[in-house]
Amino acid sequence: MIRIFAVFAVLFALVGCSVPTTPVDEPLVDLGDFVLGHNIAVTKNLTKGPLSREGSPERWEASVESAVDARLGRYDGERLVHLGINVAGYVLAQPGVPVLMAPKSALILTVTAWDDQAGKKFNAEPKEIIVLETFTGSSLLGSGYTMRPEEQMANLSYNAAKAIEEWLHENRACLKPNPSSAELTACWKDNKDSRSREALENQ
């Protein structure tokens, strides 16, 4: 994984997407025959980034698991997939920092998908996911001024769950029954957050 503090430095300069934090009511996407099995978030070696409020490991685990359940628990296929999520690092923006320097809240995690049918991992290398807080008019001043820490965590967890859904959608061919050898070869390849890595390299 990219060195976490270096990633945070890049994230402060990036712009997030407008994403709601209300209950998930967006249309289902194609996830093959996916159905969510175990959904376990862990916080071993959790790193708090610079200029961050405190977010306890227990709250992070509960927040991420809740967001993933809400989004991926909507699917009712027959290919049971277990998710192991490692919450690696975070920034929860705080008030009291000059507006132009106020960081956006950010979350870094890695995900491993387990194929219950085969009894092994789908992706040998954990998928790295890096998300920013929702970009809104109020968060232009930094969400530290407008959100409680729990709201920031819910915001980031929602965005992370959506990113996991998008990752599974990209690999949907291998979540269907009897994928071909070519499909199996093509799946689970892009396991780094390429956008943030490229931004880091161009600094």
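This write-up is about the structure you can find in this document. For clarity, every value in this text was computed on a predicted model and none was experimentally measured. (Residues numbered from 1 in each chain as written. Predicted model: local features only at pLDDT ≥ 70, side-chain atom pairs only at ≥ 80, totals over all residues. Heavy atoms only, no water.)

**Comments concerning the nonpolar core**
Counting 35 residues, the largest nonpolar core has Leu72, Leu83 and Ile164 as its most contacted members. Ranked by the residues each element gives to this core, the list is headed by helix α3 (residues 149-170), at 8 residues. If we ignore the near neighbours within four places in the chain, the residues touching leucine 83 are Leu36, His38, Asn39, Ile40, Val68, Leu72, Val111, Thr112, Ala113 and Ile164. (Core = buried A, V, L, I, M, F, W, Y, C linked by side-chain atoms within 4.5 Å. Buried < 20%, exposed > 50% of the residue type's maximum accessible area, 1.4 Å probe, protein only. Helix = DSSP H or I, 4+ residues; strand = E, 2+ residues; numbered from the N terminus. Contact = heavy atoms within 4.5 Å.)

**Quick look at the side chain of histidine 82**
Structurally, histidine 82 can be placed in strand β3 (residues 79-91). At 2.8 Å, the side chain of histidine 82 and the backbone nitrogen of histidine 38 are in polar contact. Among residues more than four places away in sequence, those in contact with histidine 82 are Gly37, His38, Thr112, Ala113, Trp114 and Asp116. (Polar contact = N/O pair within 3.5 Å; in protein donor to acceptor, adjacent residues only side chain to side chain.)

**Topic: the pattern of salt bridges**
Side chains that carry opposite charge are capable of pairing whenever their charged atoms lie near each other. Considering all chains together, one arrives at 10 salt bridges under this definition. Here arginine 59 ties to glutamate 150 by a salt bridge, and the two come within 2.4 Å at their closest N and O atoms. Here glutamate 150 lies in helix α3 and arginine 59 lies in helix α2 (residues 57-72), a separation of 91 residues in the sequence. The class of arginine 59 is partly exposed, set by a relative accessible area of 47%. The structure contains a network of salt bridges with shared partners spanning Glu26, Arg71, Arg74, Lys162 and Glu165. (Salt bridge = Lys/Arg side-chain N within 4 Å of Asp/Glu carboxyl O.)

**Focus: the state of the cysteines**
Between two cysteines, a covalent bond joining their sulfur atoms is known as a disulfide. Here the structure, examined in full by the defined rule, presents 1 disulfide. Through a disulfide, cysteine 174 is tied to cysteine 187; the S-S separation comes to 2.1 Å. Taking the sign of the S-S torsion, about 100° here, the bridge from cysteine 174 to cysteine 187 comes out right-handed. Here cysteine 174 is found in the loop between α3 and α4 (181-186), whereas its partner cysteine 187 is found in the loop between α4 and α5 (194-201), with 13 residues between them in sequence. (Disulfide = S-S within 2.5 Å.)

**With respect to the packing of α2 against α3**
Contact geometry of α2 with α3 gives a least axis separation of 8 Å together with a crossing angle of 45°. In terms of their interaxial angle, α2 and α3 are classed as oblique. Considering the relative orientation of α2 and α3, their crossing is right-handed. Residues Arg59, Trp60, Ser63, Val64, Ala67, Val68, Arg71 and Leu72 of α2 form the contact with α3, whose participating residues are Glu150, Met153, Ala154, Leu156, Ser157, Tyr158, Ala161, Lys162, Ile164, Glu165 and Leu168. Its residues assigned to classes, the contact of α2 with α3 shows 12 nonpolar, 2 polar and 5 charged. (Axes fitted to C-alpha atoms, helices over the stretch in contact; angles between N-to-C directions. Parallel < 35°, antiparallel > 145°, perpendicular 65-115°, else oblique. Left-handed = near helix turned anticlockwise from the far one by under 90°. Nonpolar A, V, L, I, M, F, W, Y, C, P; charged D, E, K, R; others polar.)

Scope: geometric values only; no functional claims are made or implied.
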